[in-house]
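Chain by chain, the residues:
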Amino acid sequence: MIQVQDLRKSFGQTRAVDGITFAVSEGMIYGLLGPNGAGKTTTISCITGLLMPDGGRIVLDGCELASDPIRFKRSIGVVPQETALYPTLTAYENVAYFASLHGLSGADLRGRAGQILDRVGLSAGSKQQARTFSGGMKRRLNLAIGLMHRPRLLLLDEPTVGIDPQARINILDVVREIQREGTGILYTTHYLEEAETLCDRVGIMDHGRVLAEGTVSELRSMVGEGTVVALRGKFRAEALRASIASDPSIHLLSLEDDAAMLSVGGAARAVADLLSSLLRGGIEVEEISMREASLQNVFLKLTGRELRD
Amino acid sequence: MRTVLLSLRKDLLRWVRSPILPLVFLSFPIVFALLIGLAFGGGDEIAPIKLALVNEDDGVVSRLISSAFTSRRAPVAFQIQEADSAGGLRLVENDKVSAMLRVPAGFSDSLFSGGTSYLEVVKNPAEAVYPRIVEEYAGVLALLGTGASRILGDPLSGIQEQVESRAAPTDAFLSAVSVDIGRQARKAARYVFPPAIYLRSGETEGDDRSSSSPLKVALFVLPGMATFALLTLAIASMSDLRRERSAGTLARQLAGPVRPWNPVAAKIGVTLILGLMCIVILGILAAMWGDGKVSIAGFAVLSFAFALCATGFATLMQSLFESETAGSAFGSIVVMVMSLLGGSFIPLSVLPGFARRIAPFTLNYWANTGFHKLLFEKASPAELLPNVGILIGMGVLFVAVSLPLMRKRILRGA
């Protein structure tokens with residue numbers, strides 16, 4: 001469906017997007033995961049034609065954005081991060097206006113508007129002006145506008161930022177529904193659990209680059225197939241490193257004065273072996289906790305810092 | 001074109017839903033013009049001019065001059081405060097009177113003896129108009145007094161002596177003086193009062209309103225106020241593009257199959273329509289206030305030309321700066337200056353010479369003079385061509401200059 005190849009965009013000396021490549025196919029949710037300022041929104045802006053890339057290609061179903069932007073844009077739907085609505089227009093008027101820019105009109109427009117507003121749970125408020133809506137309702141209307149013209153590819157830029165859990169669940173349900181209908185979705189977020197539960201493939205971005213890309217399980221395997229072990233106690237860095245150096249299934253993820261995080265491949269037995277090694281190395285462990293590896297650990301391993309929600 | 005029309009319809013709907021701004025700009029010239037009309041068009045009465053009269057002469061002529069200021073038949077009403085010279089000056093210095101008129105001692109005697117006499121006017125520097133009226137009026141009296149003393153010297157001397165004797169005049173004296181004055185006047189009439197120029201005056205039929213009625217004054221002021229308000233409205237309307245940029249709706253439109261100039265064209269169209277709607281409403285009002293005999297075609301063409309010019313100007317103002325605040329603030333300042341120099345606030349005829357020379361460089365000038373020609377000189381469309389041509393030319397030029405800037409500053413990365 002869409003291929004983004006070696007996309008580059010700089011603002012002065014700052015490289016906002018630095019040669020990223022990814023592809024989203026039909027019915028796939030592709031997550032771009034990264035902290036604020038990673039380059040996710042700049043990537044979306046380049047794909048929507050709002051920013052002119054410095055280099056690279058963006059191709060959707062054989063149509064290149066640079067050569068035929070109008071045809072390209074007919075196939076994409078955009079749900080921006082901010083609720084881009086007209087407050088004094090009703091919910092129906094908002095969806096109808098943006099859909100009409102995509103060529104919808106008459107009965108098709110009216111039927112589609114009713115269907116979409118119902119899907120996002122706003123059919124009762126279709127005649128209400130958007131300014132009277134709660135934050136969650138505005139977010140849902142924001143999503144509805146992006147879906148109106150049946151886009152082949154939907155670009156969702158942090159669609160759940162700052163909304164209540166119920167509205168968030170509603171939005172994620174709608175995203176899954178349209179995925180089932182075959183729409184490709186490019187989903188940017190800095191919420192780890194959203195990326196883990198929603199996305200088929202995830203690209204982890206930081207400083208304008210995709211540091212790693214793959215399915216969630218592929219990314220998790222980067223930090224070991226098994227368990228993440230968090231230790232708290234009194235230990236020296238050299239001693240800890242020496243203790244685990246002989247076991248290739250153990251990776252040090254992070255290390256501070258009184259805390260360390262390691263990934264341990266294999267089963268519980270491997271964890272027991274780790275503890276034995278540590279004790280033999282004279283390391284005092286006061287607290288130990290274990291959990292399954294997450295994208296947080298992947299991000300930590302790739303960037304050396306945690307991705308905060 | 002379809003997307004432009006869709007955007008235009010959307011924006012008009014938004015203005016209808018939130019009409020405060022256009023209503024404010026529409027009501028401003030009406031309210032302001034009416035207020036000025038009520039303030040300055042309420043009839044012929046003006047406040048009496050306060051004058052300190054210092055009469056040190058007490059002769060016949062000085063009494064005549066005093067009575068000329070206090071007479072009900074005087075063309076201007078004066079409120080006289082009699083004083084001595086020092087007291088009169090104090091009244092002037094303390095802003096209690098507009099001027100002091102001093103008739104010096106021996107004024108009448110000097111006049112009758114053929115010498116030179118003086119009337120002294122001391123004007124209050126804190127006032128501009130009233131002291132000038134006193135000065136002019138005293139000048140007229142001096143001229144009349146001079147003529148009377150030259151022609152009626154003998155009879156007036158007789159009257160002077162009679163007054164000074166404080167005895168009741170006899171019938172024989174009165175008849176002799178009357179005959180003498182009549183004879184002197186007839187002798188001088190042929191040379192002094194030749195009827196070379198006749199003044200004919202009258203009033204138009206069927207108009208029972210005074211020429212300075214509040215509505216007439218309001219009508220005079222309305223075009224200037226309207227041009228100011230419409231330029232400001234245009235700036236507010238065009239800044240909506242900036243607001244859409246901040247709200248993200250502009251980016252959302254541009255992310256669709258929309259060409260970059262479409263939203264700009266729609267905003268220009270909306271601004272033009274808003275301006276035209278306001279002008280038409282104000283035009284209907286002007287027709288009601290005036291005699292209604294104006295060229296409809298001329299009004300339509302001039303209105304369109306000015307609305308286009310205002311729209312182009314507002315587009316340029318918004319395209320010059322990065323932020324909406326800067327564009328609107330700078331635009332408002334330029335509108336104020338243009339309105340001041342272009343005759344929107346002060347009639348052009350009252351402006352000083354340098355301002356009148358600058359006035360043609362303002363948009364207001366061409367709009368105001370055009371509407372005045374239309375309303376008060378009943379100009380035909382052909383007579384409005386210079387105004388219309390310049391306004392349309394400026395409007396097109398402004399739009400042409402601002403579109404590339406607009407693309408650079410507003411549309412890029414919206």
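Residues numbered from 1 in each chain as written. Chains lettered and ligands numbered in written order. Predicted model: local features only at pLDDT ≥ 70, side-chain atom pairs only at ≥ 80, totals over all residues.

### Details of the overall build of chain B
Now for step 1: Tallying secondary structure elements over chain B gives 17 helices and four strands in all.
Now for step 2: Burial statistics for chain B: of 414 residues in total, 40% are counted as buried. (Helix = DSSP H or I, 4+ residues; strand = E, 2+ residues; numbered from the N terminus. Buried ≥ 20, exposed ≤ 12 C-beta atoms within 10 Å, placed from the backbone.)

### Remarks on the overall build of chain A
Now for step 1: Scanning chain A from N- to C-terminus turns up 11 helices and 14 strands.
Now for step 2: Taken over 309 residues, chain A has a buried fraction of 45%.
Now for step 3: In chain A, the share of contacts with a sequence separation of at least 24, taken over all contacts with a separation of at least 6, comes to 71%. (Contact = placed C-beta atoms within 7 Å.)

### Re the sheet that holds strand 3 (residues 99-103) of chain B
All names here are of chain B.
Now for step 1: Spatial ordering of the open sheet is given by 2-1-3-4, a layout of four strands whose pairing is mixed. Since the sheet does not close on itself, it has two edges, and those belong to strand 2 (78-82) and strand 4 (120-123), each with one partner. Averaged over all adjacent pairs, the angle separating strand axes in this sheet is 25°, with direction ignored.
Now for step 2: Two strands pair when backbone bridges link them, and strand 1 (residues 49-55) and strand 3 are joined in this way by five bridges, in the parallel orientation. Paired with L53 across the strands is L101, a residue of strand 3. (Pairing = 2+ DSSP bridges. Axes fitted to C-alpha atoms, helices over the stretch in contact; angles between N-to-C directions.)

### A word on helix 6 (residues 165-180) of chain A
Residue and element names in this part refer to chain A.
Now for step 1: Here helix 6 spans 23 Å end to end across 16 residues, near enough to the 22 Å set by a 1.5 Å rise per residue.
Now for step 2: Listing the buried residues of helix 6 in full gives A167, N170, I171, V175 and I178. Buried residues of helix 6, seen end-on, are gathered within an arc of 135° and therefore sit on one face of the element. Residues of helix 6 that are exposed and point more than 90 degrees away from the buried face comprise P165, Q166, I169, D173, E177 and R180.
Now for step 3: For helix 6, the secondary structure elements touched by its buried residues are strand 3 (29-33), helix 5 (135-147), strand 7 (153-157), strand 8 (184-189) and helix 7 (192-198).
Now for step 4: Following helix 6 by one or two positions, G182 has its phi on the positive side, about 100°. (Expected span 1.5 Å × (residues − 1). Arc of directions from axis to C-beta.)

### Some remarks on the nonpolar core
Now for step 1: Judged by nonpolar contacts, the single largest core of 145 residues is most densely connected at V95(A), A144(A), L155(A) and F313(B).
Now for step 2: For this core, the leading source of residues is helix 9 (residues 214-238) of chain B, giving 16 residues.
Now for step 3: Those residues in contact with A144(A), other than ones at most four positions away along the chain, are V95(A), I116(A), L117(A), V120(A) and L122(A).
Now for step 4: Counting residues in each nonpolar core, the second largest holds 19 residues, with V54(B), V122(B), V134(B) and Y137(B) among its members. (Core = buried A, V, L, I, M, F, W, Y, C linked by C-beta atoms within 7 Å.)

### Topic: the pairing of strand 10 (residues 209-214) of chain A
All names here are of chain A.
Now for step 1: Pairing of strand 9 (residues 201-206) with strand 10, which is carried by five bridges, proceeds in the antiparallel orientation. Bridge pairing links V202 to G214 in strand 10.
Now for step 2: Adjacent in sequence and paired antiparallel, strand 9 and strand 10 are bridged by two residues, among which H207 carries a positive phi angle near 50°.

### Structural notes on the packing of helix 1 (residues 2-17) of chain B against helix 12 (residues 261-289) of chain B
Residue and element names in this part refer to chain B.
Now for step 1: Their axes nearest at 8 Å, the elements helix 1 and helix 12 cross at an angle of 50°. Classified by the angle their axes make, helix 1 and helix 12 are oblique. Considering only the axes of helix 1 and helix 12, their crossing is right-handed. Of the residues in helix 12, those in contact with T3, V4, S7, L8, D11, L12 and W15 of helix 1 are N262, P263, A265, A266, K267, G269, V270, I273 and L274.
Now for step 2: Residues that form the contact of helix 1 with helix 12 fall into these classes: 10 nonpolar, four polar and two charged. (Parallel < 35°, antiparallel > 145°, perpendicular 65-115°, else oblique. Left-handed = near helix turned anticlockwise from the far one by under 90°. Nonpolar A, V, L, I, M, F, W, Y, C, P; charged D, E, K, R; others polar.)

### Quick word on the sheet that holds strand 4 (residues 55-60) of chain A
Residues and elements named next belong to chain A.
Now for step 1: Pairing in this open sheet of four strands is antiparallel, and the strands run 2-1-4-5 from one edge to the other. Where the open sheet ends on each side, the last strands, each with one partner, are strand 2 (14-24) and strand 5 (63-64).
Now for step 2: Direction of pairing for strand 4 relative to strand 5: antiparallel, over a ladder of two bridges. Bridging from a neighbouring strand, V59 pairs with E64 of strand 5.

### Observations regarding the interface of chain A and chain B
Now for step 1: Between chain A and chain B, the residue contacts involve 20 residues of the former and 20 residues of the latter.
Now for step 2: Broken down by secondary-structure element, the contributors of at least two residues to the side of chain A that touches chain B are helix 2 (69-74) and helix 3 (91-101) of chain A.
Now for step 3: Here the side of chain A that touches chain B takes four residues from helix 3 of chain A, the largest share from any one element.
Now for step 4: Residues belonging to the side of chain A that touches chain B are distributed by class as follows: 11 nonpolar, six polar and three charged.

### Focus: the pairing of strand 1 (residues 2-11) of chain A
All names here are of chain A.
Now for step 1: In terms of strand pairing, strand 1 meets strand 4 through five bridges, oriented antiparallel. For V4, the partnering residue across the bridge sits in strand 4 and is I58.
Now for step 2: Both strand 1 and strand 2 contribute to a ladder of eight bridges, which runs antiparallel. Within the sheet, the bridge partner assigned to V4 lies in strand 2 and is F22.
Now for step 3: Connecting strand 1 to the next strand, strand 2, in antiparallel fashion are two residues, including G12 with a positive phi near 65°.

### What about unusual backbone geometry?
Residues and elements named next belong to chain A.
Now for step 1: Backbone geometry places D61, a non-glycine residue, at a positive phi of 50°.
Now for step 2: Accessibility expressed as a C-beta count within 10 Å gives 14 for D61, which makes it partly exposed.
Now for step 3: One non-glycine residue, E158, adopts positive backbone phi at about 45°.
Now for step 4: Judged by local crowding, E158 falls into the buried class, with 21 C-beta atoms found within 10 Å.

### Quick look at the environment of T21(A)
All names here are of chain A.
Now for step 1: Note that T21 resides in strand 2.
Now for step 2: The class for T21 is partly exposed, based on 14 C-beta atoms found within 10 Å.
Now for step 3: Spatially, the C-alpha atom of T21 lies 9.0 Å from that of R209, the residues being 188 residues apart in sequence.
Now for step 4: Beyond its immediate sequence surroundings of up to four residues, T21 is in contact with V4, Q5 and D6.

### Details of the environment of M317(B)
Residue and element names in this part refer to chain B.
Now for step 1: With respect to the helices and strands, M317 occurs in helix 13 (residues 296-320).
Now for step 2: Judged by C-beta crowding, with 26 C-beta atoms within 10 Å, M317 ranks as buried.
Now for step 3: For M317 and V334, which are 17 residues apart along the polypeptide, the C-alpha to C-alpha distance reads 9.1 Å.
Now for step 4: In this structure M317 touches I235, G327, F330, G331 and V334, once residues within four positions along its chain are discounted.

### Focus: the confidence of the model for chain B
All names here are of chain B.
Now for step 1: Summing up the model confidence of chain B, the mean pLDDT is 79 and the portion of residues at 70 or higher is 85%.
Now for step 2: Per-residue pLDDT stays below 50 along residues 201-210; that stretch engages in three contacts with residues further than four places along the chain or on separate chains.
Now for step 3: Among the scores for the predicted complex, ipTM is 0.78 and pTM is 0.67. (pLDDT = per-residue confidence, 0-100.)

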